[in-house]
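A look at the structure
Listed here are the chains, written in short residue letters.
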Amino acid sequence: MLRQLPRYNACGAVVRGRGVVKRIGILTGGGDAPGLNAVIRAVVLTARNRYNWEVVGIREGYDGLLHGAPTVGLPEEQVRDLLPRGGTILGAVNRGNPFSRIVQRADGTASVIDVSQEAIRRMDDLGLDALVAAGGDGTMSIAQHLVDLGARIVGVPKTIDNDLNGTDVTFGFDSALLTATEALDKLQTTAESHHRVMVLEVMGRDAGWIALHTGVAGGADAILIPEIPFDIDVVVRKLEAVRRAGRRYSLIVVAEGAAPRGGDQHYYIQARGSAAGRLGGIGYIVGNLLSERTQAEVRVTVLGHVQRGGQPTPRDRWLATRFGHAVVQLIAEEKWGYMAGLRGTEIVPVRMSDAIGKPKRVAPDGAQVPMARDLGIVFG
Ligand code: F6P
């Protein structure tokens, strides 16, 4: 239902826009990332101050939309203090794809059904003029398919892995990088004391951005990433060269998605039914191989979800705020199916269809890997 609202905002400024209520929804899909709350805050403040629109939060991503979870009113007071807060006040889940909902039958079997029309109806029932979907590839793909069916959705790109196309960087990456680099710095001091080889496993399912940047920032000797299948003997030779040169410790960063040449990625939880497997543990495999093949004492640290938690860095807060501000303008321009992206220093509209389907990966021959090699880092 559309209601007429005053055309002045709280600061007394003239409100732009069409002068009718815009009630917009926002959801956070997929895994969380530091900076999501800063996006929510920027969307609410921009929608309110610039356009006088109301914003409601949808809990638990698309799953909440489908299950009719109660929405969250997002007045300004609710979001004012959100900048330093990690996670997402709206909750996030990896399930809830309206195009493939798993339904358990009474006989114990399961089937997959398309409930996308239900999702669109629910947006109408909530009186939403538009929806902001903040998320990674999965969230954007669902948004794009709903847009194809006529839904009014715009996107904000998010992932700590930094592997979404259409944007130079996603928020969450810088915060994860800080956590991982601090960990590597701490491992360095104890590695030096004990003359050990330290293996640090970081996140990065399809792309090695966190591993690459952490390894370079923390002075690693080897970086193993999904884009470059590794040969452990190359790492062994590097460790021997380090020892010969007189340094008695080494640092190795491994992305969770890295795999040996001719081998497979390692899952610590296997896929079961509709539940995807969970990557992790390649750090232990690498540690074990190095221990077998060298005289070195090896220790392994798997950083895991620590990288997703905690406060966003100032850089992530800044990027998340710019994205949140820009996505409200995409709504004002009715650019359905677009997301905000960072190109150089500019925030630009990017078609979601150009961002999804293929992860943005580290190019083995791009500028960064050769630079790291020139610094003496091996990639296995
Ligand atoms: O996509 C980000 C990511 O952090 C991946 O690097 C990791 O494999 C995955 O999320 C973990 O997801 P979950 O929270 O479902 O375990």
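Residues numbered from 1 in each chain as written. Predicted model: local features only at pLDDT ≥ 70, side-chain atom pairs only at ≥ 80, totals over all residues. Heavy atoms only, no water.

Here's the deal with the site of the ligand
Let me state the cut-off plainly: Residues are classed as near a molecule or strand on a simple rule: at least one heavy atom within 4 Å of it. In the analysis that follows, any N or O atom pair within 3.5 Å is treated as a polar contact, provided that within protein one partner can donate a hydrogen and the other can accept it, and provided that, for residues neighboring in sequence, both atoms belong to side chains. Note on areas: Shrake-Rupley with a 1.4 Å probe; residue coverage comes only from the protein chains shown.
Asn94, Ile160, Asp161, Met203, Gly204, Arg205, Glu256, Arg278, His305 and Arg308 make up every residue found near the ligand. Separating an oxygen atom of the ligand from a side-chain N or O atom of Arg205 is a distance of 3.2 Å. A distance of 2.8 Å is found between an oxygen atom of the ligand and a side-chain nitrogen or oxygen belonging to Arg308. Here the ligand has 400 Å² of accessible area as a free molecule, and 83% of this is covered by the chains.

Some details on helix α8 (residues 232-244)
Counted only if it meets this: Per the convention used, a helix needs a DSSP run of H or I reaching at least four residues, while a strand needs a run of E reaching at least two, with both numbered from the N terminus. Each helix should span, by expectation, one fewer than its residue count multiplied by 1.5 Å. The rule is simple: take the accessible area with a 1.4 Å probe, protein chains only, and divide by the maximum for that residue type; under 20% is buried, over 50% is exposed, in between is partly exposed. Each direction from the helix axis to a C-beta atom contributes to the arc, which is the arc of those directions. Working rule for contacts: check all heavy atoms of both residues, and any pair within 4.5 Å makes them a contact.
Spanning 13 residues, α8 covers 18 Å between terminal C-alpha atoms, matching the ideal 18 Å at 1.5 Å per step. Restricting attention to buried positions, one finds in α8 the residues Ile232, Val235, Val236, Lys238, Leu239 and Val242. Across the axial projection of α8, the buried residues extend over an arc of 160 degrees, all falling on one side. The elements touched by buried residues of α8 are β8 (196-202), β9 (222-224), β10 (250-255) and α9 (282-293). The N-cap residue of α8 is Asp231: its side-chain oxygen and the backbone nitrogen of Asp233 are 2.9 Å apart. Residue Gly246 follows α8 closely and has a positive phi angle near 100 degrees.

Looking at the environment of Ser175
Note that Ser175 resides in helix α6 (residues 173-194). Note on Ser175: relative accessible area 3%, which makes it buried. Sequence-distant contacts of Ser175, that is, excluding residues within four places in its chain, are made with Pro34, Gln311, Pro312, Thr313 and Asp316.

Some details on the confidence of the model for the chain
Definition in use: For every residue, the predictor assigns a confidence score, pLDDT, that lies between 0 and 100.
The pLDDT averaged across the chain works out to 93; a share of 94% of its residues lies at or above 70. Contacts for the low-pLDDT stretch residues 1-19, under 50 throughout, to residues beyond four places or in other chains number 32 contacts.

Some details on the layout of surface pockets
Going by this rule: We place a 1 Å grid over just the protein atoms. Points where a 1.4 Å probe fits but has no way out form a cavity, open points with protein on both sides within 12 Å along at least 5 of 7 lines form a pocket, and any residue with an atom within 4 Å of a point lines it. Grid points are joined across faces, edges and corners, and a volume is the space filled by probe spheres set on the points. Residue polarity follows a fixed list, in which Ala, Val, Leu, Ile, Met, Phe, Trp, Tyr, Cys and Pro are nonpolar, Asp, Glu, Lys and Arg are charged, and the others, Gly among them, are polar.
In this structure, the second largest pocket encloses a volume near 230 Å³. Broken down by secondary-structure element, the contributors of at least two residues to the lining of the second largest pocket are α6 and α10 (314-332). Top contributing element to the lining of the second largest pocket by residue count: α10, with 5 residues. Here the lining of the second largest pocket is built from residues that sort into 5 nonpolar, 2 polar and 4 charged.

Structural notes on the packing of aromatic side chains
Counted only if it meets this: In this analysis, rings of Phe, Tyr and Trp, with Trp reduced to its six-membered ring, are considered paired at centre separations within 6.5 Å, and the interplanar angle assigns stacked below 30 degrees, edge-to-face beyond 60, and tilted for intermediate values. Both a distance and an angle decide whether a charge sits over a ring: NZ of Lys or CZ of Arg must be within 6 Å of the ring centre and within 35 degrees of the ring normal.
Using the criterion set out here, one finds 2 aromatic pairs in the structure. Relative to Trp53, the ring of Tyr51 lies with its centre 4.4 Å away and its plane at 20 degrees, an arrangement referred to as stacked. With respect to class, Tyr51 is no different from Trp53; both count as buried. Taking the ring centre of Tyr249 as reference, the NZ or CZ of Arg247 above it sits at 5.1 Å. For the cation-ring pair, Lys360 lies above Trp209, with the distance from its terminal atom to the ring centre recorded as 6.0 Å.

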